[in-house]
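As a plain string of letters, each chain reads:
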Amino acid sequence: MFKFFSYLKNVISFNQLEPSKREIVFYSEGKNYWVHLKGLVTELLDKTDCCVCYVSSSADDPGLQLINENFSSFLIDEGWIRNWWFENLKANLLITSMPDIHQYQVKRSKFPVHYIYVQHSLVSKHMVYRKGAFDHYDSIFCAAPHHIKEIRAIESHYNLPEKALYQHGYSRLDSIIKNASDKQHVKTQNNKPHVLIAPSWGEVNVVADYGQPIIENLLTNNYKVTLRPHPQTIKFSSDKLDQIKAQFSHNPYFKYEDSIDGEDSLHQSDLMISDWSGAALDYAFGLGKPVLFIDVPRKVNNSEYK
């Protein structure tokens, strides 16, 4: 109950800001998305006099700790209060990396707000996401040329109005490449080969359905293993993850990571096991390391696209 009133208080504080101080608003689902929004936030604060508001649904989001005279941050829930806040938002711009806006509980504002989507993955816009995931955005910052082609093709096929598309790039990949030389892991003769298991999430899940035998086999065969589940897997398959941790946590060559915002395991490992995860593209393109893909069904029923 205390958290409910705390979130409500933060929404009231946000709405009491002068309109000029909440013209540009960022929304983050949590700490794993700060890496995708950080560059835009800091550039706006460093290069302009604009005021920036940052709203997050996770108390450990690093963006909430940023200090700048033109920056305000607010913590809200990811339930009823957030949904009400979205639907009643008064701002010029809302910038986020959350797809599916206006398709489910989170609606566009009843007031005129320009919505901008920022990529949090290099994956295909129609192969992985739900149908309509980006239809209710006004502008999309595209990570690469294939995003522009895919979105235009979707608009043409479904007779949708054209959105403003921008060649924005992908800050996550930039960061991995920039840090590669500093964080390169130097192996010694006695080091075990290191496998990073970093799949996506879905109804059929590499971690939940195959994680235990894969990890056991790797450890038995003298590999070091880091398990890095997707945040959605942590949310929806916590019982299975608890079983895995209970079984392997005693092994000094097993490591569990509950966050995908860091890069150390990417740089320190030798090979990634993945599926439809965008992390596999970050790993392969950013570091030039091999990825072993497990052929599981896509996390979204692609029959939605016809």
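See the structure printed just above.
Keep in mind it's a predicted model, so treat the numbers as computed, not measured.

The rules we used
Residues numbered from 1 in each chain as written. Predicted model: local features only at pLDDT ≥ 70, side-chain atom pairs only at ≥ 80, totals over all residues. Heavy atoms only, no water. Salt bridge = Lys/Arg side-chain N within 4 Å of Asp/Glu carboxyl O. Helix = DSSP H or I, 4+ residues; strand = E, 2+ residues; numbered from the N terminus. Buried < 20%, exposed > 50% of the residue type's maximum accessible area, 1.4 Å probe, protein only. Patch = residues over 30% accessible without salt bridge, like charges linked within 9 Å, V, L, I, M, F, W, Y side chains within 5 Å. Areas by Shrake-Rupley, 256 points an atom, 1.4 Å probe, with all protein chains shown as cover. Pairing = 2+ DSSP bridges. Axes fitted to C-alpha atoms, helices over the stretch in contact; angles between N-to-C directions. Contact = heavy atoms within 4.5 Å. Phe/Tyr/Trp six-rings, centres within 6.5 Å; stacked < 30°, edge-to-face > 60°. Polar contact = N/O pair within 3.5 Å; in protein donor to acceptor, adjacent residues only side chain to side chain. Bend = angle between axes of the 7 residues up to and from the residue.

### Structural notes on the pattern of salt bridges
Here the idea is simple: oppositely charged side chains can pair when their charged atoms come close.
Right, so step 1: If you walk through the whole model with that rule in mind, you get nine salt bridges.
Right, so step 2: Where Asp100 meets Arg130, a salt bridge forms, and the shortest distance between an N and an O atom there is 2.9 Å. One end of the pair, Asp100, is in the loop between β4 (93-96) and β5 (114-118); the other, Arg130, is in the loop between β5 and β6 (139-142), and 30 residues separate them in sequence.
Right, so step 3: With relative accessibility at 11%, the residue Asp100 sits in the buried group.
Right, so step 4: Given a relative accessible area of 31%, Arg130 falls into the partly exposed group.

### Observations regarding a nonpolar patch on the surface
Right, so step 1: On the surface, a cluster of nonpolar side chains totalling about 620 Å² of accessible area is made up of Phe4, Phe5, Leu8, Ile12, Trp80 and Trp84.
Right, so step 2: When contributions to the nonpolar patch are tallied by element, the ones reaching two or more residues are α1 (2-15) and α3 (80-87).
Right, so step 3: No other element matches α1, which puts four residues into the nonpolar patch.

### Points about the sheet that holds β4
Right, so step 1: Strand order in the open sheet formed by seven strands is β3-β2-β1-β4-β5-β6-β7, with parallel pairing between adjacent strands. Strands at the two margins of the open sheet, each flanked by one partner only, are β3 (71-75) and β7 (164-167). Sheet twist, expressed as the mean angle between neighbouring strand axes with direction ignored, is 20 degrees.
Right, so step 2: As paired elements, strand β2 (residues 52-56) and β3 share five bridges and run parallel to each other. Counterpart to Cys53 in the pairing with β3 is Ser72.
Right, so step 3: Packing against the sheet, α1 makes contact with β1 (24-28), β2 and β3, and its axis sits at approximately 150 degrees to β3.
Right, so step 4: Here α3 sits on the sheet and contacts β1, β2, β4 and β5; the angle it forms with β1, its principal contact strand, is near 150 degrees.

### Some words on the environment of Ser20
Right, so step 1: With respect to the element layout, Ser20 can be found in the loop between α1 and β1.
Right, so step 2: By relative accessible area, Ser20 is classed as partly exposed at 41%.

### What about the sheet that holds strand β10 (residues 254-256)?
Right, so step 1: Spatially, β10-β9-β8-β11-β12 is the arrangement adopted by the five strands of the open sheet, whose pairing is parallel. If you trace the sheet from one side to the other, it starts and ends with β10 and β12 (291-293), each paired once. Strand-to-strand twist in this sheet, taken as the mean axis angle between neighbours without regard to direction, amounts to 20 degrees.
Right, so step 2: Sheet analysis places strand β8 (residues 194-197) next to strand β11 (residues 271-274), joined by three bridges and oriented parallel. In the strand pairing of β11, Ile197 is matched with Ile273.
Right, so step 3: Strands β8, β9 (224-227), β10 and β11 of the sheet are contacted by helix α6 (residues 206-220), whose axis makes an angle of about 160 degrees with β9.

### A closer look at the packing of aromatic side chains
Given two aromatic rings, their pairing is described by the distance between the two centres and the angle made by the two planes.
Right, so step 1: According to the stated counting rule, one finds 13 aromatic pairs in the structure shown.
Right, so step 2: Ring geometry for Tyr54 versus Phe71: centroids 6.2 Å apart, planes at 35 degrees, classification tilted. One end of the pair, Tyr54, is in strand β2; the other, Phe71, is in strand β3, with 17 residues separating them in the sequence. Judged on exposure class, the residue Tyr54 and its partner Phe71 are both buried.
Right, so step 3: A ring pair is formed by Tyr117 and Tyr137, whose centres lie 5.3 Å apart and whose planes are at 65 degrees; its orientation type is edge-to-face. Of this pair, Tyr117 sits in strand β5 while Tyr137 sits in the loop between β5 and β6; the two residues are 20 residues apart in sequence, bridging distant segments of the chain.
Right, so step 4: On the accessibility criterion, Tyr117 (0% relative accessible area) is buried.
Right, so step 5: The structure contains a cluster of three or more aromatic residues connected by ring pairs, namely Phe14, Tyr27, Phe74, Trp85 and Phe86.

### Here's the deal with the side chain of His194
Right, so step 1: Among the secondary structure elements, His194 is positioned in strand β8.
Right, so step 2: Of the polar contacts made by the side chain of His194, one reaches the side chain of Thr226; its length is 2.7 Å.

### Here we look at α6
Right, so step 1: Gln212 marks where α6 bends most, by close to 40 degrees; the proline Pro213 follows one to four residues later.
Right, so step 2: Among the residues making up α6, those that are buried are Val206, Val207, Ala208, Gly211, Gln212, Ile214, Ile215, Leu218 and Leu219.
Right, so step 3: Looking at the buried residues of α6, the elements they touch are β8, β9, α7 (231-236), α8 (238-248), β10 and β11.
Right, so step 4: Capping the start of α6, Asn205 holds a side-chain oxygen 2.8 Å from the backbone nitrogen of Val207, two or three residues further along.
Right, so step 5: Asn222, located one to two residues past α6, shows a positive phi value of around 75 degrees.

### Points about the pairing of β6
Right, so step 1: Residues of β6 alternate between two faces, with Ser139 and Phe141 on one and Ile140 and Cys142 on the opposite face, all of them buried.
Right, so step 2: As defined by bridge partners, β5 adjoins β6 across three bridges and the pair is classed as parallel. Within β6, the position partnered with Tyr117 by the bridge is Ile140.
Right, so step 3: Where β6 meets β7, four bridges bridge the pair, whose relative direction is parallel. Each bridged residue has a counterpart across the sheet, and for Cys142 the counterpart in β7 is Gln167.

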